[in-house]
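Results of the structural survey
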Amino acid sequence: MVTRTVDLRSDTVTKPTEAMRAAMATAEVDDDVLGADPTAVRLESEVATIMGKEAGLFVASGTMGNLISVLVHCDIRGSEVILGDNSHIHIYENGGISTIGGVHPRPVKNNDDGTMDINSIEAAIRDPRGEIVYPTTRLICLENSHANTGGRCLSAEYTDKVGELAKKHGLKLHIDGARIFNASVALGVPVNRLVQAADSVSVCLSKGLGAPVGSVIVGSKSFISKARILRKTLGGGMRQLGFICAAAFVALKENVTKLEGDHQKAKVLAEGLNQVKGLRVNVAAVETNIIYFDIVERSKITAEKLYKNLEEHGVLVMLEGPYRMRIVLHHQISSSDVQYTLSCFQQAFNGVQEENGNHV
Amino acid sequence: MGTRTVDLRSDTVTKPTEAMRAAMSAAEVDDDVLGTDPTAFRLESEVARMLGKEAGLFVPSGTMSNLISVLVHCDIRGSEVILGDNSHIHIYENGGISTIGGVHPRPVRNNEDGTMDIGLIEAAIRDPKGELVYPTTRLICLENSHGNTGGRCLPVEYIDKVGELAKRHGLKLHIDGARIFNASVALGVPVNRLVQPADSVSVCLSKGLGAPVGSVIVGSKTFIAKARRLRKTLGGGMRQVGFICAAALVALQENLGKLEHDHMNAKVLAEGLNQIEGFRVNLAAVETNIIFFDIVEGSKITAAELYKHLAEHGVLVMPEGPSRMRIVLHHQISSSDVQYTLSCFQQAFTGLQEENGN
């Protein structure tokens, strides 16, 4: 059976474009450890400028971007960081801030919209008078867009409020901005305004922007120079890395404008899925390129069976529980792919229903 | 002044060749975190096969390859690793095994030939009876070729002996093989034989082999599975990493054969330097592509002055102290570059001597 492949597992699956391959082939490079790779420097400066920060540092992954940021802000032993209980750093980074960095996490409940209540954040800040038994809070982390709640956008006003709270208590603010451009586009807020309150931001180039590898951390000059050393310590000091940076450059230049299209397709797909009897999507929660959907209880099919059925038709999604799944749109998914996907879901659903003795 | 550039600071400065750029452009790639990048897999399998180990893992740097190896072997808190007091892991990796990994180092004196006395290694192994006050030794690390002693080669018999010692005491053996191919070529020993007793080896592709980025760790399947996870934790999980791996594959295929020539160039350069009054090189110690040389006492020139003078003529070397410097040969240094370098040194020495009133 000839099927196309519609890979909706993540926006990390984006394959590099011809323009990226060409840029990689001709990139100007040099040893970035002994000196400075010119293409890396260009990329780091460009991202810093776009974000409104002093300097930037290219790193191999989003995980490394966050790990370095937390560890640099919390470089004194006995530190604690406040972050969402459903944040990427807390759930999907192998607990590295603790196992590798010795930093203690203080998770605060993430609301459905990706925020944490300001009061709950404030209540979580350790009172220095209790220092004999407390770690010392040094950092607050936000995530924008917030992935696990469905690619939800934190507004500039909310971010500013958290920034003020941080300042009031002498804390730093880091934004896990893996998908910050998605948030910026969806909110219609320039990205530098969105992260104004942050001391540091980590930005993924390998997700929706489509580069093959990497993230950039941005912050003050002194923060970035400490980050550079820690990057070396973790083993992220690459030599002639201009190749990867050249592709990332193309991603920045060409693909930010495509994000809007991803969001539109996500809405179309979300609405279509919500119309399929047996599936439920909170369409209002679909703000960017991520869709979570649930299989309605009475349907008597499992996510796993549905997953397999879709896979046979070339549609790849992510399992998120016995009755829950996730879809992520990216620029290599066309409108036609979206329609194909919807029809596969419809078919799969009807087919499986029939298997289980439900007559539609 | 039209000068050429002869960059002898390190073999990491090698720029990718046309063949590498072409391979990178055309590489078949996929998300190596969600699944497997096919080119990465090809590279990892190839390096594992060449070294006679079960599996491999591509990582962005030699530092990460050693950090991961030490931390996987020493994954239980309270571990200690025996390594050379002049080893790369101990001196040039930011103390990461401790600051990042919580592993305690037990440095043992490196001899001038890069080895550590077997008797001293054995004496450094913690007696389990003292466990109330001792950490637990879990690992011995060797470095071949040994960077800081001048690219010295550890012979296969020595490595086997250390391997036997490790086994006898239930310890693992890791070889920092950043320049293992240089050692293999210089010793005339196949690389898989050279690393036979090792539980894991880290191999640099970005040094003499000339790839732009990366190293590969090799070891057993279970070791590599743990290593993959730790790599993700450290932030080394890259997505469409095949591009970099494609260049590394070209490096492996094309540049292994060039290492012998780097060694010959090193010998010529070392002999030439040693002939210049005022410089001294231990010729017998130049076994691979690294040369350490000293400015003879009484020459009245400093390494810093010499460094500057050479740089003005486009020759870049690495200062290693007030009167000591290092040169590293690689495949992008030609025989003609070597001659040019020698003449620059001669000029520099004569010129500076005059300046400084000799």
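Worth saying up front: this structure is predicted, and the values here are computed from it rather than measured.

Take the interface of chain B and chain A next. The interface of chain B with chain A comprises 45 residues on the first partner and 45 residues on the second. Carbon and sulfur atoms supply 57% of the area buried between chain B and chain A, which totals about 3,600 Å² over both sides. For chain B, the biggest contributors to the area lost against chain A are Arg21(B), Ile100(B) and Thr233(B); these three give 16% of the whole. Along the contact surface separating chain B from chain A lie zero salt bridges. The tally of links from chain B across to chain A stands at 20 residue pairs in polar contact (both at pLDDT 80 or more). Of all the secondary-structure elements, those providing two or more residues to the side of chain B that touches chain A are helix H1 (18-26), helix H3 (62-73), helix H5 (96-99), helix H10 (221-234) and helix H11 (242-255) of chain B. A per-element tally of the side of chain B that touches chain A places H10(B) first, with five residues.

In a soluble, globular protein the nonpolar side chains are often hidden away together inside. Core analysis: the largest hydrophobic core is formed by 118 residues, its most contacted members being Leu43(A), Leu43(B), Leu51(B) and Phe181(B). When sequence neighbours within four positions are dropped, the list of residues in contact with Phe181(B) reads Met50(B), Leu51(B), Val191(B), Val203(B), Leu209(B), Leu252(B), Leu256(B) and Leu259(B). Among the nonpolar cores identified, the runner-up in size contains 48 residues, and Cys74(A), Ile224(A), Val70(B) and Val81(B) belong to it.

What follows covers the pairing of strand E10 (residues 290-295) of chain A. Residues and elements named next belong to chain A. The element E10 is largely enclosed, with a buried count of six among its six residues. Here E10 shows two buried faces, one formed by Ile 290, Tyr 292 and Asp 294 and the other by Ile 291, Phe 293 and Ile 295. Sheet analysis places E10 next to strand E13 (residues 324-328), joined by five bridges and oriented antiparallel. If you follow Ile 291 over to E13, its bridge partner there is Ile 327.

All names here are of chain A. Read across the open sheet, the four strands follow the order E9-E10-E13-E12; overall the sheet is antiparallel. Both outer strands of the open sheet, strand E9 (279-281) and strand E12 (318-321), are each paired with one neighbouring strand and no more. Strand-to-strand twist in this sheet, taken as the mean axis angle between neighbours without regard to direction, amounts to 30 degrees. Running at roughly 140 degrees to E9, helix H12 (residues 259-275) makes contact with E9, E10 and E13 of the sheet.

Moving on: the UniProt feature "domain: Aromatic amino acid beta-eliminating lyase/threonine aldolase" (unreviewed entry) in chain B. In the numbering used here, UniProt assigns the feature "domain: Aromatic amino acid beta-eliminating lyase/threonine aldolase" (unreviewed entry) to residues 7-294 of chain B. When the span residues 7-294 of chain B is considered, its composition is 42% helix and 17% strand, and the gap between its end C-alpha atoms is 19 Å.

Right, let's talk about the layout of surface pockets for a bit. Think of a ball as big as a water molecule: rolled over the atoms, this probe shows where empty space is left. The calculated volume of the largest pocket comes to roughly 1,100 Å³. Among the secondary structure elements, those contributing two or more residues to the lining of the largest pocket are helix H3 (62-73), helix H5 (96-99) and helix H10 (221-234) of chain A together with H3, H5 and H10 of chain B.

We now examine helix H13 (residues 303-312) of chain A. All names here are of chain A. All buried positions along H13 are accounted for by Ala 303, Leu 306, Asn 309 and Leu 310. The arc enclosing the buried residues of H13, seen along the axis, measures out at 125 degrees, which places them on a common side. Just downstream of H13, Gly 314 is the residue with a positive phi angle, here 85 degrees.

In this structure, Ser145(A) follows Asn144(A) across a cis peptide bond, with omega equal to 5 degrees. Here Ser145(A) shows up in the loop between strand E5 (136-143) and helix H7 (156-168). Following Asn144(B), the chain continues into Ser145(B) via a peptide bond in cis, with omega recorded as 0 degrees. Positive phi is not limited to glycine here, since Asn94(A) has a value of about 60 degrees. Here Asn94(A) shows up in the loop between helix H4 (88-92) and H5. Assessed through its relative accessible area of 31%, Asn94(A) is described here as partly exposed. Residue Asn94(B) is not a glycine yet carries a positive backbone phi of 60 degrees. Along the polypeptide, Asn94(B) turns up in the loop between helix H4 (88-92) and H5. Judged by relative accessible area, Asn94(B) falls into the partly exposed class, the value being 35%.

On to the UniProt feature "modified residue: N6-(pyridoxal phosphate)lysine" (unreviewed entry) in chain B. Residues and elements named next belong to chain B. Per the UniProt record, "modified residue: N6-(pyridoxal phosphate)lysine" (unreviewed entry) is found at Lys 207. Of note, Lys 207 is situated in the loop between strand E7 (200-204) and strand E8 (215-219). The contacts of Lys 207, once residues within four sequence positions are left out, are Asp 11, Thr 12, Thr 14, Ala 178 and Arg 179.

The next subject is a nonpolar patch on the surface. Residue and element names in this part refer to chain A. Taken together, Ile 132, Val 133 and Tyr 134 make up a surface patch of nonpolar side chains, about 360 Å² in accessible area. Mapping Tyr 134 onto the fold places it in the loop between helix H6 (118-124) and E5. A relative accessible area of 35% places Tyr 134 in the partly exposed class.

Below, the discussion takes up the UniProt feature "domain: Aromatic amino acid beta-eliminating lyase/threonine aldolase" (unreviewed entry) in chain A. Per the UniProt record, "domain: Aromatic amino acid beta-eliminating lyase/threonine aldolase" (unreviewed entry) is found at residues 7-294 of chain A. Annotated as residues 7-294 of chain A, this span is 42% helix and 17% strand, and its ends, taken at the C-alpha atoms, are 19 Å apart.

All names here are of chain B. On inspection of all chains with the given rule, the structure shows six cavities of 30 Å³ or more. A volume near 80 Å³ is recorded for the largest cavity. Lining the largest cavity are 13 residues, and of these Gly 84, Ser 87, Cys 141, Leu 142 and Glu 143 lie nearest its centre. Counting residues per element, the ones that place at least two in the lining of the largest cavity are strand E3 (79-84), H4 and strand E5 (136-143). Among the elements that line the lining of the largest cavity, the one with the most residues is E5, at three residues. A class-by-class count of the residues in the lining of the largest cavity yields five nonpolar, six polar and two charged.

Reading the values: the criteria
- Residues numbered from 1 in each chain as written.
- Chains lettered and ligands numbered in written order.
- Predicted model: local features only at pLDDT ≥ 70, side-chain atom pairs only at ≥ 80, totals over all residues.
- Heavy atoms only, no water.
- Contact = heavy atoms within 4.5 Å.
- Buried area = accessible area lost by both parts, 1.4 Å probe.
- Salt bridge = Lys/Arg side-chain N within 4 Å of Asp/Glu carboxyl O.
- Polar contact = N/O pair within 3.5 Å; in protein donor to acceptor, adjacent residues only side chain to side chain.
- Helix = DSSP H or I, 4+ residues; strand = E, 2+ residues; numbered from the N terminus.
- Core = buried A, V, L, I, M, F, W, Y, C linked by side-chain atoms within 4.5 Å.
- Buried < 20%, exposed > 50% of the residue type's maximum accessible area, 1.4 Å probe, protein only.
- Pairing = 2+ DSSP bridges.
- Axes fitted to C-alpha atoms, helices over the stretch in contact; angles between N-to-C directions.
- UniProt positions renumbered as here; feature names shortened; annotations may be inferred.
- 1 Å grid on protein atoms, 1.4 Å probe; cavity = no way out; pocket = protein on both sides within 12 Å on 5 of 7 lines; lining within 4 Å.
- Points joined across faces, edges and corners; volume = space filled by probe spheres on them.
- Arc of directions from axis to C-beta.
- Patch = residues over 30% accessible without salt bridge, like charges linked within 9 Å, V, L, I, M, F, W, Y side chains within 5 Å.
- Areas by Shrake-Rupley, 256 points an atom, 1.4 Å probe, with all protein chains shown as cover.
- Nonpolar A, V, L, I, M, F, W, Y, C, P; charged D, E, K, R; others polar.

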